[in-house]
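Listed below are the residues making up each chain.
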Amino acid sequence: MIIPRPDMPVSMPAAFFAQAVDRVARALIGAVLTFDGVGGRIVETESYDPTDPASHSFGFRRSRRNAAMFGAPGHAYVYRIYGMHHCLNIVCRPAEAVLIRALEPLCGLETMRLRRGTGDDAKLCAGPGRLCDALGLTLAQDGLSLTAAPFALLPRTRRPAIAVGTRIGLGKGREAERRYGLAGSRFLSRPFPPRT
């Protein structure tokens, strides 16, 4: 597998993101995401759109906080939760975004271990807050393009088996099956329940 470096060209165009958010959320499973050369394979995502009561853009509400969601496809929407953690989303069509929930760490492991204060690689990027801490992402990256340095985003090289389930930690919209993950990955934020 190719591990991107900051000096490598990015092969995933912004036009890829200008399609239905659920399609993008699935297609990102297996892609490789780095920031300043630190990151790994995307193993878990969630999708949000303006018809979704759990979305920051529900009803096409626009605010200073969610302004990036109404910007160009392929840009970062970074926000803060609980006053201490950051979450990285990738903007798709207007008011739609994919939350990046978990990565399989591949690049810059020592940097991630130092930032997170743990040697347990399965916990480095398992959850959106941990992921942002490990990659060093803050509100300073809100609105930046994920298709240009210091980000790199390479498409997956093969189609993986994808698990689907309900999203995590929501009040409204929690019944929607809009969480996607690499089936069987040990780097997920939480295992997917078996299908009955």
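Residues numbered from 1 in each chain as written. Predicted model: local features only at pLDDT ≥ 70, side-chain atom pairs only at ≥ 80, totals over all residues. Heavy atoms only, no water.

1. Comments concerning the packing of aromatic side chains
Item 1. Counted according to the given criterion, the structure contains 3 aromatic pairs.
Item 2. Summarising the aromatic geometry, the rings of F16 and F17 are spaced 4.8 Å apart at their centres and angled 85° between planes, so their arrangement reads as edge-to-face.
Item 3. Given a relative accessible area of 0%, F17 falls into the buried group.
Item 4. With centroids separated by 5.2 Å and ring planes inclined at 40°, the aromatic side chains of Y77 and Y79 adopt a geometry described as tilted. Each member of the pair Y77 and Y79 is classed as buried.
Item 5. The lysine or arginine in question, R179, covers the ring of F192, its NZ or CZ lying 3.8 Å from the ring centre. (Phe/Tyr/Trp six-rings, centres within 6.5 Å; stacked < 30°, edge-to-face > 60°. Buried < 20%, exposed > 50% of the residue type's maximum accessible area, 1.4 Å probe, protein only. Lys NZ or Arg CZ within 6 Å of the ring centre and 35° of its normal.)

2. Some thoughts on the packing of helix α2 (residues 109-116) against helix α3 (residues 128-135)
Item 1. Between α2 and α3, the least distance of the axes is 7 Å, while the angle of their chain directions is 115°. The handedness of the crossing between α2 and α3 is right-handed. Seen from α2, the contacting residues are M112, R115 and R116; seen from α3, they are R130, D133, A134 and L135.
Item 2. When its residues are assigned to classes, the contact of α2 with α3 shows 3 nonpolar, no polar and 4 charged. (Axes fitted to C-alpha atoms, helices over the stretch in contact; angles between N-to-C directions. Helix = DSSP H or I, 4+ residues; strand = E, 2+ residues; numbered from the N terminus. Left-handed = near helix turned anticlockwise from the far one by under 90°. Contact = heavy atoms within 4.5 Å. Nonpolar A, V, L, I, M, F, W, Y, C, P; charged D, E, K, R; others polar.)

3. A few points about the pattern of salt bridges
Item 1. Following the criterion strictly, the structure yields 11 salt bridges and no others.
Item 2. Put simply, D52 and R178 hold a salt bridge, and the shortest N to O gap is 3.5 Å. Of this pair, D52 sits in the loop between β2 (38-48) and β3 (76-81) while R178 is found in the loop between β7 (162-165) and β8 (179-182), placing the two residues 126 residues apart along the sequence.
Item 3. Residue classification places D52 among the buried residues on the basis of a relative accessible area of 4%.
Item 4. For R178, a relative accessible area of 10% corresponds to the buried category.
Item 5. Here E110 makes a salt bridge to R113, at a shortest N to O gap of 2.4 Å. Residue E110 and its partner R113 are both found in helix α2; the two are separated by 3 residues, about one turn of the helix. (Salt bridge = Lys/Arg side-chain N within 4 Å of Asp/Glu carboxyl O.)

4. Some points on the pairing of strand β5 (residues 97-107)
It is a general feature of regular strands that their side chains alternate between the two faces of the sheet.
Item 1. Burial within β5 is extensive, with 10 of its 11 residues counted as buried.
Item 2. Where β2 meets β5, 9 bridges bridge the pair, whose relative direction is antiparallel. In the strand pairing of β5, T45 is matched with I100.
Item 3. Looking at chain direction, strand β4 (residues 85-91) and β5 are connected through 3 bridges and run antiparallel. Among the inter-strand pairings, V91 is bridged to a residue of β5, identified as A97.
Item 4. Linking β4 back to β5 in an antiparallel pair, the connection comprises 5 residues, with A95 at a positive phi of about 70°. (Pairing = 2+ DSSP bridges.)

5. Let's talk about the side chain of R101
Item 1. You can see R101 is positioned in strand β5.
Item 2. Aside from chain neighbours lying at most four places away, what touches R101 is E44, T45, E46, C125, A126, G127, P128, L131, I168 and S189.

6. A word on the pairing of β3
Item 1. Judged from the 6 bridges that link them, β3 and β4 form a sheet pairing that is antiparallel. The partner of V78 across the bridge, within β4, is L88.
Item 2. Counted along the chain from β3 to the antiparallel partner β4, the turn is 3 residues long, and its residue Y82 has a positive phi close to 55°.

7. A few points about the side chain of D49
Item 1. Its place among the elements puts D49 in the loop between β2 and β3.
Item 2. A polar side-chain atom of D49 sits 3.0 Å from a polar atom in the side chain of R178.
Item 3. Those residues in contact with D49 that sit more than four places away from it in its chain are V21, S55, S57, A95, E96 and R178. (Polar contact = N/O pair within 3.5 Å; in protein donor to acceptor, adjacent residues only side chain to side chain.)

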